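# Survey of secondary and tertiary structure
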Amino acid sequence: MDNDKLQKLTESISENEFGLLFRHNAYFNPRLRTTGGRYLLVSHDIEINPKQFEKFGEKALIDIIKHELCHYHLHLQRKGYKHKDADFKMLSQKVGAPRFCAAIDSYEERANYIYKCVGCGETFKRIRKVNTKKMVCGKCKGKLRLHKHLK
């Protein structure tokens, strides 16, 4: 799917599900890593993570678009557009927009470091480096050592 098809899909979902026009741009942003999509407050554009579509298909893409359109329409109507706001919760439930999208990679797949406890031998996977002078084992409070650098 390209950006033109994404734009048309977003416009049709907006009209069919919300009864309102989508007058801005929707496009894929390959730099997005940890989120399925985002609504930009200043430009009112919607960015979508292309990896979500590649891995989970059109159903996941539609769910993400619905979620971002909730932010979009509520913000333009000067209503509560944040996740915690009652307006957002009500609208997203009404149109069937999910709260979260599925993670592209699990924590284990994203882990870059494996630490091992000197005391009990327990191993811990971490995405970021850990300060072993401050952090201790959650099981026995023993010292941690970098066991393996994965990537």
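Everything here concerns the structure above.
Predicted model, so just to flag it, every value in this text is computed and none were measured.

## Describing the sheet that holds strand S4 (residues 113-117)
Strand pairing in a sheet relies on backbone hydrogen bonds, with the paired strands running either antiparallel or parallel. Taken together, the three strands give an open sheet; going across it, the order is S5-S4-S6, and neighbouring strands pair in antiparallel fashion. Looking at the sheet topology across the chains shown, the edges are occupied by strand S5 (123-126) and strand S6 (144-149). Averaged over neighbouring strand pairs, the angle between their axes works out to 30° when direction is ignored. In the sheet, S4 pairs with S6 via five bridges, with the strands oriented antiparallel. Within S6, the position partnered with Cys-117 by the bridge is Leu-144.

## Examining the packing of aromatic side chains
Any aromatic ring pair is given by two values, namely how distant the centres are and how the planes are angled relative to each other. Tallying each qualifying case throughout the model produces four aromatic pairs. Relative to Tyr-72, the ring of Tyr-39 lies with its centre 5.9 Å away and its plane at 90°, an arrangement referred to as edge-to-face. In this pair, Tyr-39 sits in strand S2 (residues 37-39) while Tyr-72 sits in helix H3 (residues 58-76), placing the two residues 33 residues apart along the sequence. Tyr-72 shares its class with Tyr-39; the two are buried. Judged by centre distance (6.4 Å) and plane angle (40°), the rings of Tyr-113 and Tyr-115 are tilted. Overall, the relative accessible area of 13% leaves Tyr-113 in the buried class. Given a relative accessible area of 3%, Tyr-115 falls into the buried group.

## Thoughts on the pattern of salt bridges
Summed over all chains, the structure comprises three salt bridges. Between Asp-63 and Lys-59 there is a salt bridge whose closest N-O contact spans 3.0 Å. Of this pair, Asp-63 and Lys-59 both sit in helix H3, separated by four residues, roughly a single helical turn. Look at Lys-59 and you get exposed, because its relative accessible area is 57%. When the shortest N-O distance is used, the salt bridge between Lys-139 and Glu-122 registers 3.1 Å. Here Glu-122 lies in the loop between S4 and S5 and Lys-139 lies in the loop between S5 and S6, a separation of 17 residues in the sequence. Since its relative accessible area comes to 63%, Lys-139 is described here as exposed.

Conventions used here
Residues numbered from 1 in each chain as written. Predicted model: local features only at pLDDT ≥ 70, side-chain atom pairs only at ≥ 80, totals over all residues. Heavy atoms only, no water. Pairing = 2+ DSSP bridges. Helix = DSSP H or I, 4+ residues; strand = E, 2+ residues; numbered from the N terminus. Axes fitted to C-alpha atoms, helices over the stretch in contact; angles between N-to-C directions. Phe/Tyr/Trp six-rings, centres within 6.5 Å; stacked < 30°, edge-to-face > 60°. Buried < 20%, exposed > 50% of the residue type's maximum accessible area, 1.4 Å probe, protein only. Salt bridge = Lys/Arg side-chain N within 4 Å of Asp/Glu carboxyl O.

Keep in mind these values describe shape, not function.
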